[in-house]
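A closer look at the structure
Single-letter residue listing:
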Amino acid sequence: MAWVTNFGQGSKEQKDLLGGKGANLAEMTNLGLPVPPGFTISTQACRAYLGEGGAPEGLVEEVTQHLRVLERTMGRTLGDADEPLLVSVRSGAKFSMPGMMETVLNIGLNDDSVRGLAERSGNERFAQDSYRRLLQMFGSTVLHVDSEHFARALDEAKSAKGTTADLDLDAADMTELVARFKTIISEQTGADFPQDPRDQLDLAIHAVFDSWNTDRARLYRRQERIPEDLGTAVNVQTMVFGNFGMDSGSGVAFTRDPASGNQGVYGDYLQNAQGEDVVAGIRNTVSLADFSEIDRRSHDELLEIMATLERHYRDMCDIEFTVEEGKLWMLQTRVGKRTPEAAFRISQHMVDEGMIDADEQLRRVTGDQLASLMFPRFDASAERELIARGMNASPGAAVGRAVFDSVAAVEWAGRGEPVILVRKETNPDDLSGMVVAEGILTSRGGKTSHAAVVARGMGRTCVCGAESLDVDVEAKQARIRDGGVINEGDTISIDGATGEVFLGAVPVSPSHVVRHFEGEEVAEHVVTAVANVMKQADSRRRLRVRANADTPEDAARARRFGAEGIGLCRTEHMFLGERRTLIERLIVAEDRTTQLEALDALLPLQREDFNGILEAMDGLPVTIRLIDPPLHEFLPDYTELSVKVALAESRGEVDEHDRVLLDHVRRLHEQNPMLGLRGVRLGIQIPDLFLMQARAILQAAADRVEAGGHPLPEIMVPLVASVREFDVVKRDILAVAEEVQAERGVRVEFKLGTMIELPRAAFLADRIAKSAEFFSFGTNDLTQMAWGFSRDDVESAFFSKYFDHGIFDVSPFESLDQLGVGGMVAMGTEKGRQTKPDLKVGVCGEHGGDPVSIHFFDRTGLDYVSCSPFRVPVARLEAGRSALG
């Protein structure tokens, strides 16, 4: 196995082996562009180095061989005292990780070669400055000296000179700095700076390899979902010097504007500087237009090369270059990172220019980028006062008056006041407040908390876990750790994309894309691009997209956003608020007659709920899940009610209703209610509850048929583990269907299926499919059951350690665990279709809107995914991208 490859031997297709930077340097070399010669040490070498704890066998010898070739090509020897060859050592992983790993410039300089460089260049200041830079970079990145020591010494040198600009330091000043930097290294490390050039090279290579596992690199990979086992390549390249004098310099350029997507070249240039200076911002750069006034020949050559690269890559390119004494050199190119808006606009421009086709345009944009465009944003130029920071749980920008309970939220919103619901944490009772709020802010919880999940589903902005806020609901205020108080009625602004909380109102810009999906005519180029991409995605995808919607309003919005039905209508939300008292009557009933009276009161309310939803989705399937959570969730909290009754009794004030209610709360209390009396078990224990819901669904469907509609209800039984459980409920529902048909004289089309959310159900899917007409995988609960996690507890308890140890790259509640939970989805689908080949299979958990998970569901052969209305366009786009492979 070869560990090292010369630039001229590779190509841009070899990113797995050579990393992005090495592959693109090879590609530019093969195009005949002016690239300083060099070689790339492969990602395989990095993986071997990290695995073995040192350089793998043969690597040192291969580096020596390629170094000799490079020396012969350049006619100079690394670190030679008279004609020194100097090289840079740079990282370069398959996926760009800007600033996350190490770079060292000017390898080969020492006390002898610096004199040779000064004599050859005729520029003592340049030589000493280059040596100073090596000492600073090598000291901080290879020897792990705190970079602040070097920065302080440089500032002291400039202060002593009475200047703030490093260009004002002369050769003598630089020579003194070199001596000072060497002293810093020896004091901080206990050893002198290595004078052997080859030692410098080997140590720098090892430092780049080691930088793959730094905390910042790991965090970046986790955020960007870059696999941990790829490793980085190392590029050893002949140095060219932008700090040679005022006829030299370095710059970065883009073939199009990466922020807006506008056509035309963009970039910065800095005279008498190396590339790191441009990024570090040590001096103000000039534009490429100004660069043309400084060096017209190099500027014009750069523009020609940029045009060549964009045509060759058929994409916007990001370029780093250096000019050495009027000679242009290309140091790097890559497909440039861009904002979501720029991604869509650039892709549309390139389609219009005939550079790419519609399929390639679809490949170029992502669901995450589309999601970003769908949320309102704060005006970046506006002033703001940061008061807290939490977790960016649901994107968007929201401004409103702080309220501390749902009752106040509804009241204030009813007066036309925009509100931010501020809670320690939310629960299902807060739904009414969450619905009317512009955004939700909690001091506890994370991305999988109730607030986060519900907010994402509703398209609400949400910041969770703002721990510097002490929320006091009783006092209607939140105390800020660093001082100050947010009182009810105070205006605050929250940024769900960054997790930031601001005092006062920050101006918000509405999303043009959402206005487009809502049916408005929006004359924006990015909207045109989005519309074209969505049209292409819909024409290519096999996977259908439904929505999770519990109200007619959500259903109507989902349909406007392109949903092809409802994959999950949760009925438990329909029992909150004023209807809670009817559920209490059902629970505390002493006999079946009293239970039926409560259910009879609920029936017309449920029927009305389903009528509106079926009307909004007329002609499309609507999957309605029968009540799933345990009944105690609809009762008062056990501890709070116990205290209330005890206090009343101590005062001799016995409330018989509270006492009876407490007896029933105590009776229903479970140690682990999510594994207790819920779902199908509840339907078997209290069959009339499920039957009331089934009757309401079928009566609503009959109403729609009589009105000339075409309802397609699908009744879903939750938490089934055994086909016998399902059959018990199925028998009774089919009997209700016959009764409704006889009563109304109308035949209602409906399907009866189950949710697969228990591992046992996935293992026995072939048996369940004998009775069920469809499966819907509930991946939220299936993930909990497969991992043995309680999603409400584990994130704050130990997920951070799991990330640190590389057990997780991403939370299994955010993106599907494809090996474990995904394996059960694939198995359940395959087994179910062995019994019933035309079995309809979908997914309705949070994962139905996750781009990575959508690709898995498409490969697995599911018929549809279901997600929140705001994620429907994202799912449509990703389903189209998945179809392209």
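Structure: above.
Along every chain, residues carry numbers that run from 1 in the direction the sequence is written. At least 70 in pLDDT is required for a residue's local features to be given in this predicted model, at least 80 for side-chain atom pairs to be given and counted, and no such filter applies to totals for whole chains, interfaces and linings, which use all residues. As a rule here, side-chain values cover all heavy atoms of the structure and leave hydrogens and water aside.

To continue, consider the overall build of the protein. Counting its secondary structure elements, the protein contains 35 helices and 33 strands. When the backbone C-alpha atoms are referred to their principal axes, the protein occupies close to 105 × 65 × 55 Å. Each residue gets one of three labels from its accessible area relative to the maximum for its type: buried under 20%, exposed over 50%, partly exposed in between, using a 1.4 Å probe on protein chains only. Put simply, the protein has 885 residues, and 56% of those count as buried. Here a residue-residue contact requires only that any non-hydrogen atoms of the pair lie within 4.5 Å. Contacts in the protein between residues far apart in sequence, at least 24 positions, make up 68% of those at least 6 positions apart. The Shrake-Rupley method, run with a 1.4 Å probe sphere, supplies the accessible areas, and residue values consider only the shown protein chains as cover. As presented, the protein carries roughly 36,300 Å² of accessible surface, and 48% of it is formed by carbon and sulfur atoms. Positive residues here are Lys and Arg, negative ones are Asp and Glu, while His and the chain termini are left out of the count. Here the site of a charge means NZ on Lys, CZ on Arg, CG on Asp, or CD on Glu. Averaging the locations of the 97 positively and 139 negatively charged side chains of the protein gives two centres separated by 4 Å. Helix and strand definitions here come from DSSP, where helices need a minimum of 4 consecutive H or I residues and strands a minimum of 2 consecutive E residues; each element is numbered from the N-terminal end.

What follows covers helix α32 (residues 794-804). Looking at α32, one finds that the buried residues are Val794, Glu795 and Phe799. On an axial view of α32, the arc spanned by its buried residues comes to 70°, and they lie on one face. Within α32, the exposed residues directed more than 90 degrees away from the buried face are Ser796, Ala797 and Lys801. Of the residues flanking the end of α32, it is Gly806, one or two places downstream, whose phi is positive at about 75°. Here the arc refers to the set of directions running from the helix axis out to each C-beta atom.

Here the focus is the pairing of strand β8 (residues 249-256). Among the eight residues in β8, eight count as buried, and that is most of the element. Pairs of strands are assigned from DSSP output, requiring at least two bridges between the strands. The hairpin turn running from β8 into strand β9 (residues 263-271), its antiparallel successor, is six residues long, and Gly261 in that turn takes a positive phi close to 85°.

A word on the sheet that holds strand β20 (residues 469-472). Taken together, the three strands give an open sheet; going across it, the order is β20-β21-β22, and neighbouring strands pair in antiparallel fashion. The strands lining the two open edges of the sheet, one partner per strand, are β20 and β22 (485-487). Shown here is a sheet whose adjacent strand axes are inclined to one another by a mean of 20°, direction ignored. The sheet contact formed by β20 and strand β21 (residues 477-480) spans four bridges and is antiparallel. By the bridge assignment, Leu469 is partnered in β21 with Ile480. Interaxial angles span 0 to 180 degrees and are taken between N-to-C directions of axes, which are lines fitted to C-alpha atoms, for helices over the stretch in contact.

Positionally, Trp412 belongs in helix α16 (residues 406-414). Residues Trp412 and Ser511 lie 99 residues apart in sequence; the distance between their C-alpha atoms is 25 Å. What Trp412 contacts, discounting residues up to four positions off in sequence, is Arg401, Val403, Glu417, Val419, Glu488 and Gly489.

Before going further, it helps to spend a moment on helix α8 (residues 197-210). Here α8 contains 14 residues, and its C-alpha end-to-end distance of 20 Å stays within 8% of the 20 Å for a straight helix at 1.5 Å per residue. Those residues of α8 that fall on the buried side of the exposure criterion are Pro197, Arg198, Gln200, Leu201, Ala204, Ile205, Ala207, Val208 and Phe209. The distance from a side-chain oxygen at the start of α8 to the backbone nitrogen of Arg198 is 2.8 Å, and the residue carrying that oxygen is Asp196. Multiplying one less than the number of residues by 1.5 Å gives the expected span of a helix. Residues adjacent in sequence count toward polar contacts only when both atoms are side-chain atoms; beyond that, a polar contact is any pair of N or O atoms within 3.5 Å, and within protein one must be able to donate a hydrogen and the other to accept it.

In a soluble, globular protein the nonpolar side chains are often hidden away together inside. To define a nonpolar core, start from buried Ala, Val, Leu, Ile, Met, Phe, Trp, Tyr and Cys residues and group those joined through side-chain atoms within 4.5 Å. Within the largest apolar cluster, 136 residues are counted, with the highest numbers of intra-cluster contacts made by Phe344, Leu370, Leu689, Val717 and Phe775. Grouped together as the second largest cluster of nonpolar side chains are 55 residues, Ala48, Val104, Leu105 and Ala127 included.

Ordered by their spatial adjacency, five strands build an open sheet running β1-β2-β7-β5-β6, and the pairing between neighbours is antiparallel. Every interior strand has two partners, whereas the edge strands, β1 (4-6) and β6 (103-107), have only one. Here the strands of the sheet are splayed against their neighbours by 20° on average, with no regard to which way each runs.

Turning next to unusual backbone geometry. A positive phi angle, near 50°, is found at Glu325, a position not held by glycine. Since its relative accessible area comes to 46%, Glu325 is described here as partly exposed. Positive phi values are uncommon outside glycine, yet Lys476 reaches one of about 55°. Its place among the elements puts Lys476 in the loop between β20 and β21.

A few words on the packing of helix α20 (residues 525-540) against helix α35 (residues 872-884). The N-to-C vectors of α20 and α35 enclose an angle of 55°; their axes lie 8 Å apart at closest approach. When the interaxial angle is binned, α20 and α35 end up oblique. By crossing handedness, the relation of α20 to α35 is classed as left-handed. Mapping the contact onto sequence places Val533, Met534, Ala537, Asp538 and Arg540 in α20 and Pro873, Arg876, Leu877, Gly880, Ala883 and Leu884 in α35. Ten residues, namely Ala, Val, Leu, Ile, Met, Phe, Trp, Tyr, Cys and Pro, are considered nonpolar, four, namely Asp, Glu, Lys and Arg, are considered charged, and the remaining ones, Gly among them, are considered polar. Its residues placed into classes, the contact of α20 with α35 shows seven nonpolar, one polar and three charged. Roughly parallel covers angles under 35 degrees, roughly antiparallel covers those over 145, roughly perpendicular covers 65 to 115, and oblique covers all other angles. Throughout, a crossing is termed right-handed when the near helix is turned clockwise from the far one, and left-handed when it is turned anticlockwise from it by less than a right angle.

Here the focus is the packing of helix α21 (residues 552-560) against helix α23 (residues 592-616). It is the contact of α21 with α23, at a shortest axis distance of 8 Å, that shows an interaxial angle of 10°. In terms of orientation, α21 lies roughly parallel with respect to α23. Two secondary-structure elements touch here, α21 through Pro552, Ala555, Ala556 and Arg559 and α23 through Asp609, Gly612, Ile613 and Ala616. Looking at the contact of α21 with α23 residue by residue, the classes come out as five nonpolar, one polar and two charged.

So, on to the packing of aromatic side chains. Two measures describe an aromatic ring pair: the distance that separates the ring centres and the angle between the ring planes. The criterion for an aromatic pair is that two Phe, Tyr or Trp rings (for Trp, the six-membered ring) have centres within 6.5 Å, with stacked assigned to planes under 30 degrees apart, edge-to-face to planes over 60 apart and tilted to the rest. Following the criterion strictly, the structure yields 26 aromatic pairs and no others. Centre to centre, the rings of Tyr49 and Phe209 are 5.0 Å apart; their planes meet at 40°, and the pair counts as tilted. With a gap of 160 residues between them, Tyr49 in helix α2 (residues 43-52) and Phe209 in helix α8 connect regions that are remote in the sequence. Considered together, Tyr49 and Phe209 belong to a single accessibility category, that of buried residues. With centroids separated by 5.3 Å and ring planes inclined at 80°, the aromatic side chains of Trp787 and Phe808 adopt a geometry described as edge-to-face. With Trp787 in helix α31 (residues 779-787) and Phe808 in the loop between α32 and α33 (821-835), this pair connects stretches of sequence that are 21 residues apart. The class of Trp787 is partly exposed, set by a relative accessible area of 32%.

Put simply, a salt bridge is a Lys or Arg side-chain nitrogen that is within 4 Å of an Asp or Glu carboxyl oxygen. According to the stated counting rule, one finds 60 salt bridges in the structure shown. Among the ionic pairs, Asp155 bridges to Lys158, the shortest N-O distance being 3.9 Å. Highlighted residues: Asp155 and Lys158, both in helix α6 (residues 147-161), separated by three residues, approximately one helical turn. Classification of Asp155 by relative accessible area gives partly exposed; the value is 44%. For Lys158, a relative accessible area of 13% puts it in the buried group. Measuring nitrogen to oxygen at the nearest pair gives 3.2 Å for the salt bridge that ties Arg225 to Asp850. Residue Arg225 is located in the loop between α9 (215-224) and β7 (232-238), and its partner Asp850 is located in the loop between β32 (840-843) and α34 (851-860); the two are separated by 625 residues in the primary sequence. You can call Arg225 partly exposed: its relative accessible area is 34%. A relative accessible area of 6% means that Asp850 is categorised as buried. Here the salt bridges do not stand alone but share partners, grouping Asp315, Arg338, Glu360, Arg363 and Arg364 into one network.

Like-charged residues within 9 Å of one another, or nonpolar side chains (Val, Leu, Ile, Met, Phe, Trp, Tyr) within 5 Å, are grouped into patches, provided each residue has over 30% relative accessible area and no salt bridge. Taken together, the side chains of Arg724, Arg760, Arg767 and Lys770 make up a positively charged region of the molecular surface. Within the secondary structure, Arg760 sits in helix α29 (residues 759-763). The class of Arg760 is partly exposed, set by a relative accessible area of 47%.

Turning our eyes to something else, we now look at the side chain of Ser776. Position of Ser776 relative to the elements: it lies in strand β31 (residues 774-777). Leave out the neighbours within four places in its chain, and Ser776 touches Gly567, Met716, Thr754, Met755, Ile756, Gly842, Val843, Cys844 and Tyr864.

Working definition: the covalent bond between the sulfur atoms of two cysteines is a disulfide. Two cysteine sulfur atoms form a disulfide, by the criterion used here, when they sit within 2.5 Å. With the rule as written, the count across this model stands at zero disulfides. Cysteine Cys569 remains unbridged, with the sulfur of Cys844 as its closest cysteine sulfur at 11 Å. Exposure remark for Cys569: the relative accessible area of 0% places this residue in the buried category. Not engaged in a disulfide, the cysteine Cys844 finds its nearest cysteine sulfur in Cys867; these two sulfurs lie 11 Å apart.

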